[in-house]
Amino acid sequence: MQFEKPATTNPIDQLKVVGKPVQRIDGELKTTGRARYAYEWHDPNLPYAYGYPVGSAIAKGQITSIDSAAAKKAPGVLGIVTALDVGNLQKGKLNTANLFGGSVIQHYHQVVAVVVAETFEQARAAAALLKVDYVPEKGAFDLRAEMANAKTPDPSTEPESSVGDFEAAFSTAAVTLDAEYTTPDQSHAMMEPHASIAAWDGDEVTVWTSSQMIDWWRSDFAITLGMDKEKVHLMSPFIGGGFGGKLFLRVDAVLAAFAANAVGRPVKVALPRPMISNNTTHRPATIQRIRIGAERDGKITAIGHESWSGDLPGGGPETAVMQTRLLYAGENRMTAMKLATLDLPEGNAMRAPGEAPGLMALEIAIDEMSEKLGMDPIEFRIKNDTLVDPENPERPFSHRDLIGCLKLGAEKFGWDQRKNPATRREGNWMIGMGVAAAFRNNLVMPSGARVKLDKDGIVTVETDMTDIGTGSYTIIAQTAAEMMGVGVDRVAVQLGDSRFPVSAGSGGQFGANSATSGVYAACVKLREAIASKLGFNSADVLFEDGEVKSGNRVVRLAEAAGVDGLVGEDTIEWGELTKTHQQSTFGGHFVEVGVDVATGETRIRRMLAVCAAGRILNPITARSQVIGAMTMGAGGALSEELAVDTRHGFFVNHDLAGYEVPVHADIPHQEVIFMDETDPYSSPMKAKGVGELGLCGVSAAIANAIYNATGIRVRHYPITLDKLIDELPNVA
Ligand code: MOS
């Protein structure tokens, strides 16, 4: 199905099932431990062996030799596969760094070998006996030091934009801000580590893994292994979080495949937690300069945003300036990205790549600017709202309700109770409120599905879509139920298997809208097949209560299916609407914090997100996405930072003891409100994504609340105690 024109009324609009708070259909499997994650697949008849990876001890250079004699003699060892044994492998299309193979070391903890043994413990013990010699080379590890060497990245990344005359407008503006902000390297820190099991059958391989994007993964696996994609069967039905860290093929699968081939048995490989941050990818650190000029009445006349980030050779920038092209009006504008070469682990997508760190900076700048203007920060944002793309005024937003989100949020949060900076005290706590706009583009991806109707009237959906904890199973079941006129209990959903039609996958908050639209398209085909088999005129046919109705004829679905059943299969594809209209999602984040007047400890007291993201397919799963994202934003504001060893080139705090994500005790009352809206430009579902929107702006709202509490402006994340303590009032 080609989606070319804005959606008109369709069966989804009945909203008998879609839009309802349906509990997760996979919830029971998960809460009872019966949902099997990658490492947990276990067939008692298969002789599994266990692989343990060994990571490079240098960040850049060459392996000169690997002595595995002692490891080979260790108890239980079945085999060892080293990077030198396999030699240079063809790199997949989506990874920047080589995952495995050859003597060249590009980053710390790049895998140099996998040791395979009868048990996990034996493999781990033997791995410690491997002796690897290297010739290290000098690398570049410090973004600040490399700023001057940073270059404009590849034109495909759209690194620059300019409208009007920014410099002239900025230099003559009545009120100006020119400030630098920094965001650190961050780790996805998902619960389930990267893990794979590979089992060969002749020249075909089945891999159970944990992947957000089945087809991307499968294509790159085939390239890396030098085999035919059709001979790779991938299974990833349950995923314990990804946040972008599982978009691409990772080394665990490559190691499992080589190891299984070497020992002639199925092999399980998980990345040990302390290897994940340096072996895989992370959100790259940024240095951002923001300049804003405005008239005294608050109208922005000049807005400029530059961002520096680093990556390995061949990598790309963190696109932190992108939202600044679209969020606020202003006649004179410029954005620019600069990319430094760094020999740190590969930087890549992490939840809301670009906007998440970009808004961490921009939304503090907006707060600072409103203070300079003596305006309320909500009023300042409203004054500079735009209903068209400010760089291309002939392109309207398909739907934009930033103002509605900010106004409703202000009312619900009690924004009128906000005081001047550093004036509200409760005992030892300095109390403050902060706000930030949320913004994230609404991407769409082609997405296919197959829908079967069987003789018992059961509807089964098959698609290679994934559920990374987001609720894909449930919203897909709701979509099929609505389309076929049955209850969710009559729908079975099968996901995460490469034998199913290629879907959007889970990423870029495009999964929910794109994948359900693919299911919609397949259901349209199935409805047509049913109508045609019954000789019904498909124009007036109704699917409801488990029956098909046309004129005065009524047939039960089970009967219509017959013994052989019926199938509909299709892929949703997208036309020009994403070009003619700017499709984005909007929100307002509100936060109240207390900062301890003596220690500078920040405690979040209340959080509210108001989101405008098209039709909400399921308020339970959507809310869960947003509160998870708000929690991630709290980590980004207050604690999360991969500390870079700029001498030796690695992330020092590479485990969950040293990389501090929020725990339950850090997160107070959270509230989420969805604006009641639909966006017919987005898809037949009229929905958009919320999973990344929920994160965008949160950390800045917290930073702004800390400023309101203390009068201390911190522009460098995370906002830890040491950045506040020197400026706190003297309470001795
Ligand atoms: Mo997302 S960073 O595209 O999983």
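Just so you know, these numbers come straight off a predicted model, no measurement behind them. (Residues numbered from 1 in each chain as written. Predicted model: local features only at pLDDT ≥ 70, side-chain atom pairs only at ≥ 80, totals over all residues. Heavy atoms only, no water.)

Focus: the overall build of the chain
Next, step 1: Within the chain, the regular secondary structure consists of 18 helices and 30 strands.
Next, step 2: For a compact globule of 732 residues, the expected C-alpha radius of gyration is about 27 Å, and the chain comes in at 27 Å, within 12% of that figure.
Next, step 3: Its C-alpha atoms give the chain principal-axis dimensions of about 80 × 75 × 50 Å.
Next, step 4: Sorting the 732 residues of the chain into buried and exposed places 63% on the buried side. (Helix = DSSP H or I, 4+ residues; strand = E, 2+ residues; numbered from the N terminus. Rg over C-alpha atoms; globule rule 2.2 N^0.38 Å. Buried < 20%, exposed > 50% of the residue type's maximum accessible area, 1.4 Å probe, protein only.)

Quick notes on the packing of aromatic side chains
Next, step 1: In total, this model carries 15 aromatic pairs according to the counting rule given.
Next, step 2: Ring geometry for Y37 against F238: centres 6.2 Å apart, planes inclined by 55°, an arrangement best described as tilted. You can see Y37 sitting in the loop between α1 (27–31) and β2 (49–55) and its partner F238 sitting in the loop between β12 (232–235) and α8 (251–263), a full 201 residues away along the chain.
Next, step 3: Overall, Y37 belongs to the partly exposed group, its relative accessible area being 21%.
Next, step 4: Here the aromatic cluster, defined as three or more aromatic residues joined through ring pairs, consists of Y37, F238 and Y473.
Next, step 5: The aromatic ring of Y39 is capped on one face by K268, whose charged end is 5.4 Å from the ring centroid.
Next, step 6: Above the face of the Y707 ring, R713 is positioned so that its terminal group lies 3.8 Å from the ring centre. (Phe/Tyr/Trp six-rings, centres within 6.5 Å; stacked < 30°, edge-to-face > 60°. Lys NZ or Arg CZ within 6 Å of the ring centre and 35° of its normal.)

Thoughts on the sheet that holds strand β5 (residues 104–105)
Two pairing modes exist for strands in a sheet, parallel and antiparallel, and in both the strands are linked by backbone hydrogen bonds.
Next, step 1: Read from one edge to the other, the open sheet built from 3 strands follows the order β5-β3-β7, with strand pairing classed as antiparallel. Every other strand in the sheet has two partners, leaving β5 and β7 (131–136) as the edge strands with one partner each.
Next, step 2: Relative to β5, strand β3 (residues 61–67) runs antiparallel, the two being bridged by 2 bridges. Across the sheet, G61 pairs through a bridge with I105, a residue of β5. (Pairing = 2+ DSSP bridges.)

Thoughts on the sheet that holds strand β23 (residues 547–550)
Next, step 1: Ordered by their spatial adjacency, 3 strands build an open sheet running β22-β23-β24, and the pairing between neighbours is antiparallel. At either end of the open sheet lies a strand with only one pairing partner, and these are β22 (542–544) and β24 (553–556). Each adjacent strand pair in this sheet contributes to an overall mean axis angle of 25°, direction not counted.
Next, step 2: Note: β22 against β23, 3 bridges, orientation antiparallel. (Axes fitted to C-alpha atoms, helices over the stretch in contact; angles between N-to-C directions.)

Topic: unusual backbone geometry
Next, step 1: For the peptide bond that leads from Y717 to P718, omega is -10°, which places it in the cis range.
Next, step 2: Looking at the element boundaries, P718 is found in the segment after α18 (698–710).
Next, step 3: The residue E158 is not glycine, and still its phi comes out positive at about 45°.
Next, step 4: Following the sequence through the fold, E158 ends up in the loop between α5 (143–146) and β8 (160–163).
Next, step 5: Positioned with a positive phi, Q509 is a non-glycine residue whose angle comes to about 50°.
Next, step 6: Inspection of the secondary structure assignment puts Q509 in the loop between β21 (491–494) and α14 (511–534).
Next, step 7: We classify Q509 as buried; its relative accessible area is 8%.

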